[in-house]
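Descriptive analysis of the structure
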Amino acid sequence: MNNLLDTYNTSHVPLAAYLKVKGAKIINIEVKDRRGVFTFEQVNRDYIIDFNNGTATVEPGEYADKMSHLTQTAKRLLKESGV
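Treat the numbers as computed from the prediction; the structure is a model and nothing was measured.

Some thoughts on the side chain of Thr39
By secondary structure assignment, the location of Thr39 is in strand S3 (residues 35-44). Within the structure, Thr39 has its side chain in polar contact with the side chain of Asn9 (distance 2.6 Å).

So, the pairing of strand S2 (residues 25-32)
Pairing between S2 and S3: seven bridges, direction antiparallel. Across the sheet, Glu30 pairs through a bridge with Val37, a residue of S3. Between S2 and the antiparallel strand that follows it, S3, lie two residues; Asp33 among them carries a positive phi value of about 50°.

Section: the sheet that holds S2
The strand order S1-S3-S2 describes an open sheet built from three strands, whose pairing is antiparallel. Since the sheet does not close on itself, it has two edges, and those belong to strand S1 (4-10) and S2, each with one partner. Strand-to-strand, the axes of this sheet are offset by a mean angle of 20°, without reference to chain direction. Strands S1, S2 and S3 of the sheet are contacted by helix H1 (residues 13-21), whose axis makes an angle of about 35° with S3.

Comments concerning the nonpolar core
Among the nonpolar cores identified, the biggest contains 16 residues, and Tyr8, Leu19, Phe38, Phe40, Val43, Ile48 and Leu70 are the most heavily contacted of them. Ranked by residues supplied to this core, first place goes to H1 with six residues. Those residues within four positions of Phe40 in sequence are excluded, and the remaining contacts are Asp6, Thr7, Tyr8, Thr10, Ala16, Leu19, Lys20, Ala24, Lys25, Ile26 and Ile27.

Topic: the pattern of salt bridges
Any two side chains of opposite charge can pair, so long as their charged atoms come close to each other. All told, the structure shown has three salt bridges when counted by the stated rule. Here Glu30 and Lys32 are joined by a salt bridge, their closest N and O atoms 3.7 Å apart. On the basis of relative accessible area, Lys32 is assigned to the partly exposed category, the value being 44%. In this structure, the salt-bridge partner of Glu80 is Arg76, at a minimum N-O distance of 3.4 Å. Of the two residues, Glu80 and Arg76 are both situated in helix H3 (residues 60-81); the distance of four residues between them amounts to about one turn of the helix. Taking relative accessible area as the criterion, Arg76 reaches 45% and is therefore assigned partly exposed.

Cut-offs used in this document
Residues numbered from 1 in each chain as written. Predicted model: local features only at pLDDT ≥ 70, side-chain atom pairs only at ≥ 80, totals over all residues. Heavy atoms only, no water. Helix = DSSP H or I, 4+ residues; strand = E, 2+ residues; numbered from the N terminus. Polar contact = N/O pair within 3.5 Å; in protein donor to acceptor, adjacent residues only side chain to side chain. Pairing = 2+ DSSP bridges. Axes fitted to C-alpha atoms, helices over the stretch in contact; angles between N-to-C directions. Contact = heavy atoms within 4.5 Å. Core = buried A, V, L, I, M, F, W, Y, C linked by side-chain atoms within 4.5 Å. Buried < 20%, exposed > 50% of the residue type's maximum accessible area, 1.4 Å probe, protein only. Salt bridge = Lys/Arg side-chain N within 4 Å of Asp/Glu carboxyl O.

What follows is the structure, encoded as structure tokens:
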């Protein structure tokens, strides 16, 4: 079984930050229903499973940095969309 998802969408900022720390590439960020939706390419399914199972680990400072950046980006897009 191929363990990579061609694309993966999430509006869950903590998961998106985790995927960024793990090296997943964001190819799009958009606003849907007043939420930022992050689209990644070539995401390892195990990363999502580990995150959802609570077994994912990251370096805290890097994770906090990614969380902040993604949150601010989504807020800026929301403001720009006028929603």
